Amino acid sequence: PAPVLAIVGRPNVGKSTLVNRILGRREAVVEDTPGVTRDRVSYRATWAGRNFTLVDTGGWEYDAKGINARVAEQAELAVEFADAVLLVLDATVGVTAADEAIVKMLRKVRKPVILVANKVDSPQLEVEATYLWSLGMGEPHPVSALHGRGAADVLDAVMEVL
Ligand code: GDP
Ligand code: MG
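Because the structure is a prediction, the values reported are computed rather than measured.

Engineer: So what about helix α3 (residues 97–109)? Which residues, and what values?
Structural biologist: A rise of 1.5 Å per residue sets the reference length of α3, with its 13 residues, at 18 Å; its end C-alpha atoms lie 19 Å apart and thus fit the reference within 8%. Residues A98, D99, A101, I102 and L106 constitute the buried set of α3. Down the axis of α3, the sector holding all buried residues measures 160 degrees, keeping them to one side. Away from its buried face by more than 90 degrees, α3 exposes A97, K104, R107 and K108. Contacts from the buried residues of α3 go to β1 (4–8), α2 (67–79), β4 (84–90) and β5 (113–118).

Engineer: Account for α2, naming residues and giving values.
Structural biologist: The end-to-end C-alpha separation of α2 is 18 Å, in line with the 18 Å expected for 13 residues at 1.5 Å each. If you check which residues of α2 are buried, you get V71, A72, Q74, A75, A78 and V79. Relative to the axis of α2, the buried residues are bounded by an arc of 160 degrees and lie together on one face. Considering only its buried residues, α2 is in contact with β1, β3 (50–56), β4 and α3.

Engineer: Let's hear about the pairing of β3: which residues, and what values?
Structural biologist: Here β1 pairs with β3 via three bridges, running parallel. Across the sheet, residue L5 finds its bridge partner in β3, namely L54. Bridge count for strand β2 (residues 41–47) against β3 is seven bridges, and the pairing is antiparallel. The residue bridging V41 from the neighbouring strand is D56, located in β3. Taking the residues between adjacent antiparallel strands as the criterion, β2 and β3 are bridged by two residues, where A48 takes a positive phi near 50 degrees.

Criteria and thresholds
Residues numbered from 1 in each chain as written. Chains lettered and ligands numbered in written order. Predicted model: local features only at pLDDT ≥ 70, side-chain atom pairs only at ≥ 80, totals over all residues. Helix = DSSP H or I, 4+ residues; strand = E, 2+ residues; numbered from the N terminus. Expected span 1.5 Å × (residues − 1). Buried ≥ 20, exposed ≤ 12 C-beta atoms within 10 Å, placed from the backbone. Arc of directions from axis to C-beta. Contact = placed C-beta atoms within 7 Å. Pairing = 2+ DSSP bridges.

Structural data, given as structure tokens:
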């Protein structure tokens with residue numbers, strides 16, 4: 001079976017946009033309102049001649065339990081069957097408590113993680129990506145899922161661990 005790459009991150013960081021960028025087609029639902037992707041959705045993808053399965057997440061309801069715990073729980077479901085993880089952050093926002101909750105969960109599961117600093121739409125924004133080194137999850141890869149900037153580099157990095 002094809003190796004599985006899970007895409008995790010809090011709502012609205014651009015996970016579904018990145019999925020579409022990787023697939024080269026508009027298949028994952030992208031919304032300006034956080035939380036439209038239903039549960040886990042799998043896609044068959046190819047990069048550098050290798051097939052793999054992409055798992056996108058999101059779309060849960062916020063409830064009294066607290067958003068950070070819910071975000072981490074949802075990410076954990078996606079990661080369960082994954083061979084590697086793409087952790088997506090919004091570089092223009094920086095690190096939030098929800099991001100930190102996911103990082104804490106990922107440290108426990110001990111799977112390879114590639115860090116995506118998304119929404120780096122221009123070279124001027126690359127400095128924002130460097131702040132994400134502070135997460136201790138390795139090199140932040142500056143990407144613009146919207147425009148495609150940096151997407152090839154991050155996929156090359158994924159192929160080294162998948
Ligand atoms: P998800 O909730 O993590 O799946 O996020 P979505 O993919 O649905 O995107 C949330 C919002 O961020 C949408 O308005 C996207 O158009 C926007 N977005 C996603 N990637 C980028 C990016 O690279 N640059 C900018 N400027 N906006 C982005
Ligand atoms: Mg989504």
